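# Per-entry structural report
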Amino acid sequence: MLSEYKLDSADFLGKNVSSLPDRPSEAGMTAAELKAAFDRGGEEVIASHFNDLIDTLSGNEGASEIGTGDGRTVEERLDSCVESENISKLYGTLGGVLLLEENGQQSSVGYRIQQGDTVYLPNRKVLAFLNATVTDDSQNDRLFIDTNAVMSVNQKSGSHIMLSSEDVGAVSNQVFSAHTADKKNPHGVTAQQIGALTRQELTPLGFDLTLMEGVSVASKICRQWGPLVSINAMFFINDLASGTEVKIAEIARQFAPQDWITCCGMGRTASGELMPVCVNIDGNGNILVNSPVKVQYVSMSLSWMQGVF
């Protein structure tokens, strides 16, 4: 292993300059011996280890002694490479095409798929063609793609096929027309599914008024159709209203609007003069009249949706 060629202090023991006597000449060393002592560390230790290292790296097993960053040796990395004596360059262009230079000639590898004039699609491992016949033209080193491939549907073939409704499993015009003309709800759709009122909700429900003292009613129609509530009535109020708001009647809380609503009614004075009056119904079902002058009769017509007003 290459680690065997590492040097440590033991390798220089007795061969380094520090091991010489402080006064070499007094110790009997000649000039030649002193020079040899200075060269001994480099020649006998460093040169010997370095030469052995060169011999190991240049030998047949040298690549197996050199490691790489991924934990493999250079020999293992080289074994995984694909050898080619002809390819000298392999590089990618700015356009994303992989090119190689082979025997001095530049050629492209793979395909670029272009959509429109400027949009290039990403490279994929598989290029699939629909409604086309692909033929491998090996003699000309190309793939031949026939987009006018012959198709066959229900024993009809050709590049352009006139298909009937039977060919594609569609119903005939007669069956389709009969279905659209069927008004008997063939799909069984319920009123709840489309948010429509039921028959019971469409049947008007009558309700009554509770009149205050001194008030009578000449005519009234009070009905409810589902969430729709309507009151049409004429009250005889005996000159009750005169510049103040007066309660003349009330309805059950279940029929009352969610909030205060107002309508413009018509009042008639004792002299027969018609006078516009304000009729209010609050959330508790109280019917209130506000008139600038005294009136004997008040007519009103008001409708609302429960939960809305």
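Residues numbered from 1 in each chain as written. Predicted model: local features only at pLDDT ≥ 70, side-chain atom pairs only at ≥ 80, totals over all residues. Heavy atoms only, no water.

## Observations concerning the overall build of the protein chain
Applied cut-off: Strands here mean DSSP runs of E at least two residues long; helices mean DSSP runs of H or I at least four residues long; both are numbered from the N terminus. Summary of the burial criterion: residues with accessible area below 20% of their type's maximum are buried, those above 50% are exposed, and those between are partly exposed, where the area comes from a 1.4 Å probe applied to protein chains only. Whether two residues are in contact is decided by their heavy atoms, any of which lying within 4.5 Å being enough. Method for areas: the Shrake-Rupley scheme with a 1.4 Å probe, in which residue coverage is limited to the protein chains shown.
Assigned secondary structure in the protein chain consists of five helices and 18 strands. By the burial criterion, 19% of the 309 residues in the protein chain qualify as buried. A sequence separation of at least 24 residues applies to 46% of the contacts in the protein chain between residues at least 6 apart. Total accessible area on the protein chain stands at roughly 22,400 Å², and carbon and sulfur atoms take up 52% of it.

## Some details on the nonpolar core
Just so we agree on the cut-off: Here, nonpolar core means buried Ala, Val, Leu, Ile, Met, Phe, Trp, Tyr and Cys residues that are tied together by side-chain atoms lying within 4.5 Å of each other.
One finds Ile231, Phe235, Ile248, Ile287 and Met300 to be the most contacted residues of the largest nonpolar core, which totals 27 residues. Listed by contribution, the elements that provide at least two residues to this core are β13 (228-236), β14 (245-250), β15 (261-268), β16 (274-281), β17 (286-290) and β18 (297-305). With near-sequence residues (within four places) excluded, methionine 300 lies in contact with Ile231, Asn232, Ala233, Phe235, Cys263, Val279, Ile281 and Ile287.

## Quick word on the pattern of salt bridges
Put simply, the rule is: By definition, a salt bridge exists where a carboxyl oxygen of Asp or Glu is found within 4 Å of a side-chain nitrogen of Lys or Arg.
According to the stated counting rule, one finds three salt bridges in the structure shown. A salt bridge links aspartate 70 to arginine 72; the nearest nitrogen and oxygen atoms lie 3.0 Å apart. Glutamate 250 is paired through a salt bridge with lysine 247; the nearest N and O atoms lie 2.7 Å apart. Classification of glutamate 250 by relative accessible area gives partly exposed; the value is 25%. With relative accessibility at 30%, the residue lysine 247 sits in the partly exposed group.

## Section: the packing of aromatic side chains
The criterion, for reference: Pairing of aromatic side chains here covers Phe, Tyr and the six-membered ring of Trp, requires ring centres within 6.5 Å, and sorts the geometry by plane angle: under 30 degrees stacked, over 60 edge-to-face, intermediate tilted.
Taken as a whole and judged by the stated rule, the model has two aromatic pairs. Seen in terms of ring centroids, phenylalanine 207 and phenylalanine 255 are 4.2 Å apart; in terms of plane orientation they differ by 15°. Their pairing is stacked. Residue phenylalanine 207 is found in the loop between β10 (205-206) and β11 (210-211), and its partner phenylalanine 255 is found in the loop between β14 and β15; the two are separated by 48 residues along the sequence. Looking at phenylalanine 207, the relative accessible area reads 9%, which means it is buried. For phenylalanine 255, a relative accessible area of 7% puts it in the buried group. Relative to tyrosine 297, the ring of phenylalanine 236 has its centre 5.1 Å away and its plane inclined at 55°; by these criteria the two rings are tilted.

## Some words on the sheet that holds strand β12 (residues 216-225)
Backbone hydrogen bonds hold the strands of a sheet together, and the pairing may be parallel or antiparallel. Note the threshold: Whether two strands pair depends on DSSP finding at least two bridges between them.
Pairing in this open sheet of nine strands is antiparallel, and the strands run β10-β12-β13-β18-β15-β16-β17-β14-β11 from one edge to the other. Single-partner strands in this sheet number two, and they are β10 and β11. Summarising the sheet, β12 and β13 pair through nine bridges and their orientation is antiparallel. Of the residues in β13, the one forming a bridge with glutamine 224 is valine 229.

## Focus: the pairing of β15
Here β15 shows a clear split, with Ile261, Cys263, Gly265 and Gly267 buried on one side and none of Thr262, Cys264, Met266 and Arg268 buried on the other. Judged from the eight bridges that link them, β15 and β16 form a sheet pairing that is antiparallel. What sits directly across from glycine 265, in β16, is valine 277. Turn length for the β15-β16 hairpin, with the two strands adjacent in sequence and antiparallel, is five residues, and the turn residue glycine 272 shows positive phi of about 90°. In terms of strand pairing, β15 meets β18 through three bridges, oriented antiparallel. Residue methionine 266 lies in a different strand from β18, and its bridge partner there is serine 299.

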